[in-house]
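# Coordinate inspection notes
One-letter residues, chain by chain:
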Amino acid sequence: MNVRQVVFPMPEGRQATLSFPEPMTLEAVETLERAVAQMFRSLRREAQGRQAQDTGAIEYESWALSA
């Protein structure tokens, strides 16, 4: 089985790799498209949650230091 890979450069020298087998049928592409969209929505929610937590921690620390 052949595997096709797409490598996406990320910040800080990291990378993300998407691999999928060949040949890709139209059905497989549609399934992959839905799954990847769902995965990115989930990752976005997680990242936004972490960012909100980080922002809250920074704000809390600023109050604690000034007291």
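In what follows, the accompanying structure is described. (Residues numbered from 1 in each chain as written. Predicted model: local features only at pLDDT ≥ 70, side-chain atom pairs only at ≥ 80, totals over all residues. Heavy atoms only, no water.)

## Remarks on the pattern of salt bridges
Across all of its chains, the model carries two salt bridges by this definition. Across the pair E22 and R4 runs a salt bridge whose closest N-O atoms are separated by 2.9 Å. On the criterion of sequence distance, the pair formed by E22 in the loop between β2 (15-21) and α1 (26-66) and R4 in strand β1 (residues 3-9) is long-range, its members being 18 residues apart. Among the residues examined, E22 registers a relative accessible area of 31% and is labelled partly exposed. (Salt bridge = Lys/Arg side-chain N within 4 Å of Asp/Glu carboxyl O. Helix = DSSP H or I, 4+ residues; strand = E, 2+ residues; numbered from the N terminus. Buried < 20%, exposed > 50% of the residue type's maximum accessible area, 1.4 Å probe, protein only.)

## Looking at the environment of S19
Looking at where S19 falls in the secondary structure, it is placed in strand β2. With residues up to four places along the chain from it excluded, the contact list for S19 reads V3, R4 and Q5. Of the polar contacts made by the side chain of S19, one reaches the side chain of Q5; its length is 3.2 Å. (Contact = heavy atoms within 4.5 Å. Polar contact = N/O pair within 3.5 Å; in protein donor to acceptor, adjacent residues only side chain to side chain.)

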